[in-house]
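In case you want the letters, here they are:
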Amino acid sequence: ADIDIDGKEVLDSVLKLLEWSGTSARTLAVQEQAMRSIYYLTDAATLKGLYTSPKEEGGMGFGAAVGSQIYDAGGLLDDEAAGGSSDDDMSRRDLAWRLDTHRTLRACLDHTTTSSSPSLQRWAAAAIRNLIAEDRRRACGAIAACASQGGSAVLRYDSFTNSSLVETGGVMILSSLISSDDADTRAHAIAALSATISTTRGVQASLEMLSEVTGAGAAPSSTSDANVVRSVLQGGGLGPSLAQLLLSADDSVAKMGLAFAASLVGPILDNPKGTTGKVKAGISAGTLFDDDEDGLAAYREAALNLCTSGGVLPSLLSLLRSSQGSSRGSLSPSRPMELRRTAMLVLAAVAQALRYLGGDWIFDYIEQGEDGFEGDDMPTETAEKVLKAVTNLERESLAELAYATVLQSGSSLGGSGGRDSPGSHLAEAASVILSGMAQICPSTIDYLAGENAVAQMLRSCGENSGMMKPSSLRGDWCPRSLGLLQVISSVVAKTWRRSRQNQAEDDSISMADKDGSPSQAVDLLLSLLDSASAPLMARIVSTKIEYHVQSKAVGTILLKVAACEIVASMFGIVRDDASGIAGGRLYIAIDDAAAGGGGYGGRGQRQDLTTGCISLLQSTSVHMQRYGGGDLPLPELSRACLLAVGSICGAAIFGMRCYHSRVTKSSEATICLLNLPSWYYHRT
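Residues numbered from 1 in each chain as written. Predicted model: local features only at pLDDT ≥ 70, side-chain atom pairs only at ≥ 80, totals over all residues. Heavy atoms only, no water.

**Examining the overall build of the protein**
So, step 1. Of regular secondary structure, the protein possesses 31 helices and four strands.
So, step 2. Out of the 684 residues belonging to the protein, those deemed buried represent 56%. (Helix = DSSP H or I, 4+ residues; strand = E, 2+ residues; numbered from the N terminus. Buried < 20%, exposed > 50% of the residue type's maximum accessible area, 1.4 Å probe, protein only.)

Right under this line is the structure:
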């Protein structure tokens, strides 16, 4: 007699085996074989084959092209044209749905805690990675199908990562496996955690899209990717075990560890708020991670832990440094480019996180020491951890390594380089590292100033047209040369600030005889002018902001902010130069740039750098009055324009991004209008 066995009944029988209780050798052996079956059955290629394979081979017979499309879309779902009606049992219409992912995931998580059988534990961790991928496919497909009907349909599937994984302790269990004695179990656990974070993020984005379609407000998500990241940190997911993976001579193992680290900090670079955000004045250092308005607090906490836990930071840098090089800035050619690129991106995210958490407060604290601070200003426990992280970056000479990368690969950032070249990836990530460290590490400013890095980085920017090319690492919102310009802005501004601080401390000493004196600042200005900075700044200032495309507007505004801060510092240095040489050189450069087409106003009207800054201040103010700032960093641009225009008019500007200094003890930029210098009257 013929016996018809339904696929769902077979899977139910396998799951019943996994749900047996007991730890006898016979039971564990049977369950290991059952878990192997689950692993192979849940492989993406196997599940996709159900849609593409002919019915004679057990598939649904849609063919390769149509079957692949249905698989990528999440399955048949409620598409009546694809077979059956929406009221039919989903598992009978769609063979892949005969697998109960929620039940299977719970069984696999149970067996990852089975210390009696390391092999069963290993197969369970491997199966979880496959199931998480399948969970994402079904969830995103169900959301898309619901959205296609205007949100009127009921969601046919709820993601396990969105509803149960964190609450049931699944993330904590997987995090504990990272310290397992079995290398394969560690690797599978890390892969599963990386997939969990990306799946949660993807499902959340799909739910937000559905909410926009239905007008239901906030997405109905019970778990965010930030909660998963926090669970990883609480479960000890960062530490010596991750460092060992990164140190592995096997590139595939190191790649897996890097992918995990990148998933923990990646949104800091992908999200514009990771670059534009600042700690609010009312937020204390002890509650930094409780302030999660931009949704990135958990990722910043992970970045901080990467710098301070279990030797992860040295392990990351070992992927970049040459093991035989005598210089700590030597790059390693032995590792694949993809590994070095990912490691550099992780370090870039770490630097930007510390910039947010520390800012200028940490810079002044390191530069002045505890003597320059009162009792109420002493760092809290969280701030002490930030200080430790910054100290670790300095000790590992990260700035030297990043600058060496810019020198070796930075030429491809300009207009002549290919957008997707490996060199441009490394150089852009290195510039983002420097832009973060220049705002928190005085030693980074000293190093870059001593290496004449400003001129070198301006040359790396290449042609003016290359400044606005979108980043292939951070998204279309970010110009790929933004990091370099922010580094230049920090170096010039802080060099000038040191000159003014020295002048304020003791006016009786000759300015030329002081460390960080105007002579050093003037040298820096002359180096800027020799590197054709005037036409570049004019081009950036006059670039049109595409307000109707917010993603592009953010990057353009940030470039203008950096350019205006550079202009403010340049004119400030000129004001402090008693000889007038710097002022003459600056205005000659501005006039030459305008004559050569370096600056243009709207409607084709020619304008130089100074009038361009004034026009930018006017247009920015008008736009904010009419439409407000919204999510754009327009207040920051207004502040930078005011600084630039005030400095052009001969003002002495204090407190550029200054949180605590001996010149001013507030975060407000103070503009003191003084008498215009003599060279200004000669020029006009």
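**Remarks on the side chain of Glu134**
So, step 1. Among the structural elements, Glu134 can be located in helix H7 (residues 118-148).
So, step 2. Polar contacts involving the side chain of Glu134 include one to the side chain of Arg138, which spans 2.7 Å.
So, step 3. Residues contacting Glu134, with those up to four places away along its chain left out, are Leu47 and Thr101. (Polar contact = N/O pair within 3.5 Å; in protein donor to acceptor, adjacent residues only side chain to side chain. Contact = heavy atoms within 4.5 Å.)

**A short note on the environment of Asp225**
So, step 1. Within the fold, Asp225 resides in helix H11 (residues 225-234).
So, step 2. Distance in space between the C-alpha atoms of Asp225 and Thr200 is 5.3 Å, their sequence separation being 25 residues.
So, step 3. Those residues in contact with Asp225, other than ones at most four positions away along the chain, are Ile197, Thr200, Arg201 and Tyr299.

**Considering the pattern of salt bridges**
So, step 1. As enumerated under the stated definition, the model contains 15 salt bridges in all.
So, step 2. Measuring nitrogen to oxygen at the nearest pair gives 3.0 Å for the salt bridge that ties Arg122 to Asp182. Here the residue Arg122 occupies a position in helix H7, and Asp182 occupies one in the loop between helix H9 (170-177) and helix H10 (183-214), the gap between them amounting to 60 residues.
So, step 3. Between Arg497 and Glu367 there is a salt bridge, with its nearest N and O atoms 3.8 Å apart. Residue Arg497 is found in helix H24 (residues 482-505), and its partner Glu367 is found in helix H18 (residues 337-368); the two are separated by 130 residues along the sequence.
So, step 4. For Arg497, a relative accessible area of 11% corresponds to the buried category.
So, step 5. Residue classification places Glu367 among the partly exposed residues on the basis of a relative accessible area of 29%.
So, step 6. One continuous salt-bridge network, built from bridges that share partners, spans Asp12, Glu19 and Arg103. (Salt bridge = Lys/Arg side-chain N within 4 Å of Asp/Glu carboxyl O.)

**Comments concerning the packing of H9 against H10**
So, step 1. Interhelical geometry of H9 versus H10 gives an angle of 145 degrees and a closest axis separation of 8 Å. In this structure, the crossing between H9 and H10 has a hand that is left-handed. Between H9 and H10, the contacting residues are Val171, Leu174, Ser175 and Leu177 on the first element and Thr185, Arg186, Ala189, Ala192, Leu193 and Thr196 on the second. (Axes fitted to C-alpha atoms, helices over the stretch in contact; angles between N-to-C directions. Left-handed = near helix turned anticlockwise from the far one by under 90°.)

**Structural notes on H10**
So, step 1. With 32 residues, H10 extends 46 Å from end C-alpha to end C-alpha; this agrees with the ideal 46 Å at 1.5 Å per step.
So, step 2. The N-capping residue of H10, defined by a side-chain oxygen 3.4 Å from the backbone nitrogen of Asp184, is Asp182. (Expected span 1.5 Å × (residues − 1).)

**Some points on the packing of aromatic side chains**
Within a pair of aromatic rings, the relevant descriptors are the distance that separates the centres and the angle that separates the planes.
So, step 1. Counting across every chain of the model gives seven aromatic pairs.
So, step 2. For the ring pair Tyr39 and Trp123, a centre distance of 5.4 Å and an interplane angle of 65 degrees mean the geometry is edge-to-face. With a gap of 84 residues between them, Tyr39 in helix H2 (residues 25-41) and Trp123 in helix H7 connect regions that are remote in the sequence. Here the two residues Tyr39 and Trp123 agree in accessibility, since each one is buried.
So, step 3. Centre to centre, the rings of Tyr40 and Trp123 are 5.8 Å apart; their planes meet at 55 degrees, and the pair counts as tilted. With Tyr40 in helix H2 and Trp123 in helix H7, the pair connects residues that are 83 residues apart, well separated along the chain. (Phe/Tyr/Trp six-rings, centres within 6.5 Å; stacked < 30°, edge-to-face > 60°.)

**Structural notes on helix H6 (residues 101-111)**
So, step 1. For H6, the tally of buried residues reaches nine of eleven residues, placing the bulk of the element in the interior.
So, step 2. Regarding H6, the residues found buried are Thr101, His102, Arg103, Thr104, Leu105, Ala107, Cys108, Leu109 and His111.

**Notes on the confidence of the model for the protein**
If pLDDT is low for a region, its predicted coordinates should not be looked at in detail.
So, step 1. The pLDDT averaged across the protein works out to 78; a share of 77% of its residues lies at or above 70.
So, step 2. Counting contacts from residues 1-5, a segment whose pLDDT is below 50, to residues more than four positions away or on other chains yields one contact.
So, step 3. Taken as a whole, residues 600-604 scores under 50 in pLDDT and shows seven contacts with residues more than four places along the chain or in a different chain. (pLDDT = per-residue confidence, 0-100.)

**Details of unusual backbone geometry**
So, step 1. Of note in this structure, Ser397 is not a glycine but carries a positive phi near 55 degrees.
So, step 2. With respect to the helices and strands, Ser397 occurs in the loop between helix H19 (381-395) and helix H20 (398-409).
So, step 3. A residue is classified by how much of its surface remains accessible, and Ser397, at 11% relative accessible area, is buried.
So, step 4. Positive phi, close to 60 degrees, is recorded for Ala532, a residue that is not glycine.
So, step 5. Mapped onto the elements, Ala532 comes out in the loop between helix H25 (518-530) and helix H26 (533-542).
So, step 6. Classification of Ala532 by relative accessible area gives partly exposed; the value is 41%.

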